Amino acid sequence: MGTPSWNRVEVDRAALRHNFRQVRHLVGPAVDILAVVKADAYGHGLIPASQAFAEAGATSFGVAEVEEGVQLRQAGITGQIVVMLGVDRQGAEEAVAHDLTPVVYTLEAMEALAACAAKAGCRKGVQIKVDVGMGRLGLLPRELESFLAALRRFPNLFLAGIASHFPKADAEGDATTEEQYRVFQELLAGIQSAGDGRIIHIANSATLMRYPQMRCDLVRPGISLYGCYPADWLQKASSLDLRPVMRFATTVLQVKEVPAGQGVSYGHRYVTERPAKLAVLPVGYDDGYLRRMTGKAEVLLAGQRAPIRGMICMNACMAEVTDIPGVKAGDTAVLLGCQGAGEIRAEEIARWSETINYEILCLFGSCNRQVYYDSEEPATPPVC
Ligand SMILES: *Cc1c(COP(=O)(O)O)cnc(C)c1O
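Since we're looking at a predicted model, the values are computed, not measured. (Residues numbered from 1 in each chain as written. Predicted model: local features only at pLDDT ≥ 70, side-chain atom pairs only at ≥ 80, totals over all residues. Heavy atoms only, no water.)

1. Some details on the pattern of salt bridges
And then number 1: Here the structure, examined in full by the defined rule, presents 17 salt bridges.
And then number 2: Between R73 and D99 there is a salt bridge, with the nearest N and O atoms lying 3.8 Å from each other. On the criterion of sequence distance, the pair formed by R73 in helix α4 (residues 66-74) and D99 in the loop between α5 (89-97) and β5 (101-104) is long-range, its members being 26 residues apart.
And then number 3: Between R345 and E343 there is a salt bridge, and its shortest N-O distance comes to 3.4 Å.
And then number 4: Here the salt bridges do not stand alone but share partners, grouping R13, R17, E55 and D374 into one network. (Salt bridge = Lys/Arg side-chain N within 4 Å of Asp/Glu carboxyl O. Helix = DSSP H or I, 4+ residues; strand = E, 2+ residues; numbered from the N terminus.)

2. Quick notes on the site of the ligand
And then number 1: Close contacts around the ligand come from 13 residues, with K38, Y42, S205, I223 and Y358 the closest.
And then number 2: Taking K38, its side chain carries an N or O atom lying 2.6 Å from an oxygen atom of the ligand.
And then number 3: In isolation the ligand exposes 390 Å². Once the protein is present, 92% of that is buried.
And then number 4: Split into classes, the residues belonging to the shell around the ligand amount to five nonpolar, four polar and four charged. (Near = heavy atom within 4 Å. Polar contact = N/O pair within 3.5 Å; in protein donor to acceptor, adjacent residues only side chain to side chain. Areas by Shrake-Rupley, 256 points an atom, 1.4 Å probe, with all protein chains shown as cover. Nonpolar A, V, L, I, M, F, W, Y, C, P; charged D, E, K, R; others polar.)

3. What to know about the nonpolar core
And then number 1: Formed by 119 residues in total, the largest nonpolar core has its most connected members in V37, F53, I128, Y289 and L301.
And then number 2: For this core, the element with the most residues is helix α6 (residues 107-120), which contributes six residues.
And then number 3: No fewer than three residues from each of domain 1 (31-229) and domain 2 (246-373) sit in this core.
And then number 4: Residues within four places of L301 in sequence aside, it is in contact with V252, A279, A306, A319, V321, I324, V327, T332, A333 and Q339. (Core = buried A, V, L, I, M, F, W, Y, C linked by side-chain atoms within 4.5 Å. Buried < 20%, exposed > 50% of the residue type's maximum accessible area, 1.4 Å probe, protein only. Domains from an automatic or database assignment. Contact = heavy atoms within 4.5 Å.)

4. Re the domain arrangement of the chain
And then number 1: For the chain, the assigned domains read domain 1 (31-229) and domain 2 (246-373).
And then number 2: Domain 1 puts 11 residues into the contact, and the matching count from domain 2 is 10 residues.
And then number 3: Approximately 900 Å² of surface area, both sides summed, lies buried where domain 1 meets domain 2, with 61% of it carried by carbon and sulfur atoms.
And then number 4: Joining domain 1 to domain 2, the criterion identifies four residue pairs in polar contact (both at pLDDT 80 or more).
And then number 5: For the side of domain 1 that touches domain 2, the element with the highest residue contribution is helix α2 (residues 38-43), accounting for four residues.
And then number 6: Of the residues belonging to the side of domain 1 that touches domain 2, the class tally is seven nonpolar, three polar and one charged. (Buried area = accessible area lost by both parts, 1.4 Å probe.)

5. Some remarks on unusual backbone geometry
Negative phi is the rule for most residues except glycine; trans is the rule for most peptide bonds.
And then number 1: Located in the positive-phi region is A39, a residue other than glycine, with phi close to 50 degrees.
And then number 2: In this structure, A39 sits in helix α2.
And then number 3: Phi at C216 takes a positive value of approximately 50 degrees, unusual for a residue other than glycine.
And then number 4: Relative to the helices and strands, C216 is located in the loop between α9 (205-210) and β9 (218-219).

6. Observations regarding the side chain of T251
And then number 1: Structurally, the position occupied by T251 is in strand β10 (residues 246-251).
And then number 2: Residue classification places T251 among the buried residues on the basis of a relative accessible area of 14%.
And then number 3: Each residue touching T251, except ones within four places of it in the same chain, is listed here: W6, R8, P282, G330 and D331.

7. Comments concerning the sheet that holds strand β3 (residues 60-63)
And then number 1: Pairing within the closed barrel is parallel, and its eight strands lie in the order β2-β3-β4-β5-β6-β7-β8-β9.
And then number 2: Here two bridges tie β5 to strand β6 (residues 124-129), and the two strands are oriented parallel to one another. Among the inter-strand pairings, V104 is bridged to a residue of β6, identified as I128.
And then number 3: Set on the sheet, helix α8 (residues 176-189) makes contact with β7 (157-163) and β8 (199-203); between it and β8 the angle comes to about 170 degrees. (Pairing = 2+ DSSP bridges. Axes fitted to C-alpha atoms, helices over the stretch in contact; angles between N-to-C directions.)

Here is the structure:
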């Protein structure tokens, strides 16, 4: 390994554990929790994040693709690993070999899994994915019965679960979720005899916060485990006390004083109105610090907010520190997270770049080196 990048995404493992325990406290001991660790654990690092959740008691994990599940097994993660996008023929083989639980929604995948399970001499549990209104992956309600009948014809497969997903669980004052849950319940009532030990699940973070009655056997939190709320209004409405996990920091390369009337960065989109002090940072859109945040973004230096001036470049941007005394090359600048009394949250960055907090975490995490630490663990309430 050469010299590490000046940019780093710092991940607080103690905050990951804290957030998992918060969700556990909220849902109680009777509901299982599947920690959603797809997308490199929302940018926090698939394996370190999964290990932190396991330490906090997680025994179920949700990944998008087989390959992520294999990585988890190779890192020694035990328990249930649900492959939420399902498998193709090749994936079926790996799912059987590595004891991953795929969702299924096509006959082809079912046949492939049955063949692999037969070859391996085992019975494979699958979870059926139904679409009760998301308009994404899954069987339509009217297709479920014949699909179940097909499943019963494969002695090497058994029904381990039935899952669905909501499109608008985070929408304030919207009745769609209740309606779709009714469809889901009716569907389940129609197939009571379909197998013992199967688990039913439909709740993402927003659902488990808002609709206790929809937590079923298992909840599937993602964003909340990473210390963010699925929507701003839910932060106020929720009793979950989440701690942000990710901090994105860099190092000041140069501090310079420029006169009034100095154009800054490509296109001279910004021109100083007064003599100004600029801190050059080695962060740009290649590091996930999107060019479209030009004119809006702020960073923390010495715990204070400094506006980014001029166009954000590929690997550089300029923060104005005229009013922040003492900033020098080598200082730490914080793009996301806390420094002193200052804090910049993912939600704010999401507004600057017209997206959602989820995408900011994924982006910063996938563009930068992740480093891990454990902050001091606050007292967490007991499970009730
Ligand atoms: C990503 C995902 C989740 C987690 O959603 P959050 O809003 O991050 O809690 C749950 N279920 C499915 C099927 C998902 O794809």
